[in-house]
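# Coordinate analysis (summary)
Next come the chains, spelled out residue by residue.
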Amino acid sequence: MNFQSKLPNVGTTIFTTMSQLALQHQAINLGQGFPDFSPDPKLISLVHEAMLQGHNQYPAMPGVPALREQISLKVNKLYDHSYNPETEVTITSGATEALMCSILALVRSGDEVIVIEPVYDLYIPAIELAGGTPVVVPMLAPDAQHGNYRVDWQRVRDAINAKTRMLVLNFPHNPTGIILTENDLDILEAIVADSGVFILSDEVYEHIVFGNALHCSMAKRSALIERSIIVSSFGKTYHATGWKLGYCLATATVMHEIRKVHQFTVFTVYSPMQYAMAQFLQDPAPYTELSRFYESKRDYLANGLKNSRFKPLLSQGTFFLLADYSGISTEPEAVFIRQLTVEHGVTAIPMSAFYQNPDAAESNHQLIRLCFAKENATLDAALDRLKEL
């Protein structure tokens, strides 16, 4: 059969490829971003109770009302803005569905959408499926003067024109681990005021921010709220990535359009998980203490790498850490991580995989991404192998 692919440039993702290679060579997988520990037993018990109580059929299309109410209360407590749970909060099948539905609902054929590179792999295919054109704006890479990536906001401004419909943000940022500041929110307010673009803000790591910093959500600024769709994830917060439970927040007018797509994508999601989460969310401790939990794991991995020839970069948030291998090899990142997996038994993700042209020289900075959402025993085993290089 002859047909033209709607996504001709999309193949098997680097995450799938490296996870398969890890299994094949029995490598320790610090590549794909998932914990190797279980959710809180209380949360699992609440899911079981919800099933026994009969919450096994379709819940309301936008999500269980009690869960939407708890999300609204949490956001108001953290960011001092109250989203209407009836019209401005929708439960989705993970952050992935929330992002996809938001882009399909708002991006029209011929629209341009700005993404910031390194970029999470979902955004560009979703924009293309919506008929839009992705416009890639690269971050400034680490150099001798700067130990981490930085957003070049002037280049973002310069990329905006009459066709620009949306700016996609992801902070805390996967894969670089950088976060936004209040100054960044000031800049974004000015950009929105000047251009009227929508902001799609992927905030799935909102509760994993280090050094006593506070997450700078779009929900903190009224001028940004009016033009923003905020996406978050219970999976990242509660160590339950396989449950694929997320949500999005937007004004009623925008959410009305997103729900149209949501309704015909999945209609609704996982009834017992929603009822359980509505109860579990009433206790703020699991998410307010999460940063401290992951900061200790970040430090554990970073300190261990200092006893190797890898150079860890400071992670300000997420459960990822970048490591510079320039003291070990001059190979391109894709070659190096394959050798790391096959010959040394540790799997990572190359930073170049988050670039539109991964083989280009400007996409290769001799950096790999490591996930530290692992038991210390797993990190110890990986460190023992990495120290041998």
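Notes on the structure follow. Quick caveat, the model's predicted, so the values are computed rather than measured. (Residues numbered from 1 in each chain as written. Predicted model: local features only at pLDDT ≥ 70, side-chain atom pairs only at ≥ 80, totals over all residues. Heavy atoms only, no water.)

What follows covers the sheet that holds strand β2 (residues 89–92). The strand order across the open sheet formed by seven strands is β2-β8-β7-β6-β5-β3-β4, and the pairing between neighbours is mixed. One side of each edge strand has no neighbouring strand; the edge strands of this open sheet are β2 and β4 (133–138). Between one strand axis and the next, the sheet turns by 20° as a mean value, whatever way the strands run. Where strand β3 (residues 112–117) lies against β4, six bridges are found, and the strand directions are parallel. Paired with V113 across the two strands is P134, which belongs to β4. Across the sheet, helix α4 (residues 94–106) lies against β2, β5 (164–170), β6 (198–202), β7 (228–233) and β8 (246–249), angled at about 160° from β7, the strand it touches most. (Pairing = 2+ DSSP bridges. Helix = DSSP H or I, 4+ residues; strand = E, 2+ residues; numbered from the N terminus. Axes fitted to C-alpha atoms, helices over the stretch in contact; angles between N-to-C directions. Contact = heavy atoms within 4.5 Å.)

The next point concerns the packing of aromatic side chains. Tallied over the full model, the rule gives 16 aromatic pairs. Centroid distance F234 to Y247: 5.2 Å. Interplanar angle 45°. Geometry classified as tilted. With F234 in helix α9 (residues 234–237) and Y247 in strand β8, the pair connects residues that are 13 residues apart, well separated along the chain. Given the relative accessible area of 3%, F234 is considered buried. An aromatic cluster is present here, built from F37, Y205, F210, F293, Y294, F319, F320 and F372 joined pairwise through their rings. The positively charged end of R227 is found above the aromatic ring belonging to F198, 3.9 Å away from the centroid. A cation over an aromatic ring shows up here: R369 above the ring of F320, its NZ or CZ 3.7 Å from the ring centre. (Phe/Tyr/Trp six-rings, centres within 6.5 Å; stacked < 30°, edge-to-face > 60°. Buried < 20%, exposed > 50% of the residue type's maximum accessible area, 1.4 Å probe, protein only. Lys NZ or Arg CZ within 6 Å of the ring centre and 35° of its normal.)

Bringing unusual backbone geometry into the picture now. Across the junction of E117 and P118, the peptide omega takes the value 10°, indicating a cis bond. Residue position: P118 is located in the loop between β3 and α5 (123–129). With a phi angle near 60°, H239 is a residue other than glycine that sits in the positive phi range. Along the chain, the position of H239 falls in the loop between α9 and β8.

This next bit is on the state of the cysteines. Using the criterion set out here, one finds zero disulfides in the structure. No disulfide involves C248; its sulfur sits 7.6 Å from the nearest other cysteine sulfur, which is in C101. (Disulfide = S-S within 2.5 Å.)

Our next topic: helix α2 (residues 41–52). Taking 1.5 Å of rise per residue, 12 residues should cover 16 Å, and α2 covers 17 Å from first to last C-alpha, within 8% of that figure. All of the buried residues in α2 are L43, L46, V47 and A50. Taken end-on, α2 shows its buried residues confined to a sector of 100°, consistent with a single buried face. Exposed and oriented more than 90 degrees from the buried face of α2 are P41 and L52. Summarising the contacts, the buried residues of α2 are in contact with α11 (271–280). Two to three positions downstream of the cap, the backbone nitrogen of K42 sits 2.8 Å from a side-chain oxygen, assigning the N-cap of α2 to D40. Phi turns positive, to about 95°, at G54, one or two residues after α2. (Expected span 1.5 Å × (residues − 1). Arc of directions from axis to C-beta. Polar contact = N/O pair within 3.5 Å; in protein donor to acceptor, adjacent residues only side chain to side chain.)

A complete count under the given rule lists 12 salt bridges for this structure. Taking the shortest distance from any N to any O, the salt bridge between E182 and K220 comes out at 2.6 Å. Residue E182 is found in helix α7 (residues 182–195), and its partner K220 is found in the loop between β6 and α8 (222–225); the two are separated by 38 residues along the sequence. Here E257 and K260 are joined by a salt bridge, their closest N and O atoms 3.1 Å apart. Placement of the pair is E257 and K260 together in helix α10 (residues 252–265), with a separation of three residues, close to one helical turn. With a relative accessible area of 31%, E257 lands in the partly exposed category. Each of the salt bridges in this network shares a partner with another, and the network as a whole consists of E182, D186, E189, K220 and R221. (Salt bridge = Lys/Arg side-chain N within 4 Å of Asp/Glu carboxyl O.)

So, about the nonpolar core. Counting residues in each nonpolar core, the largest one holds 125 residues, and the members touching the most others are I71, W153, L188, F310 and I368. For this core, the element with the most residues is α4, which contributes six residues. If we skip the residues at most four places from it in the chain, I368 touches F310, L321, L322, A323, Y325, F336, I337, L340, A348, I349 and M351. (Core = buried A, V, L, I, M, F, W, Y, C linked by side-chain atoms within 4.5 Å.)

This part is about the packing of helix α1 (residues 14–24) against helix α14 (residues 333–344). Viewed as axis vectors pointing N to C, α1 and α14 meet at an angle of 25°, and their least axial separation amounts to 9 Å. As summarised for this structure, α1 and α14 are arranged roughly parallel, according to the angle between their axes. Two secondary-structure elements touch here, α1 through I14, M18, L21 and A22 and α14 through I337, R338, T341 and V342. Counted by class, the contact of α1 with α14 contains six nonpolar, one polar and one charged residues. (Parallel < 35°, antiparallel > 145°, perpendicular 65-115°, else oblique. Nonpolar A, V, L, I, M, F, W, Y, C, P; charged D, E, K, R; others polar.)

Next up on the list: the sheet that holds strand β10 (residues 320–324). If you walk across this open sheet you meet the four strands as β9-β10-β13-β12, and the pairing is antiparallel. The outermost strands of the open sheet, each flanked by one partner alone, are β9 (311–312) and β12 (349–350). The sheet contact formed by β10 and strand β13 (residues 367–371) spans five bridges and is antiparallel. Residue pairing for β13: A323 is matched across the bridge by I368. Of the strands in this sheet, β9, β10 and β13 are in contact with helix α13 (residues 290–305), which crosses β10 at around 10°.

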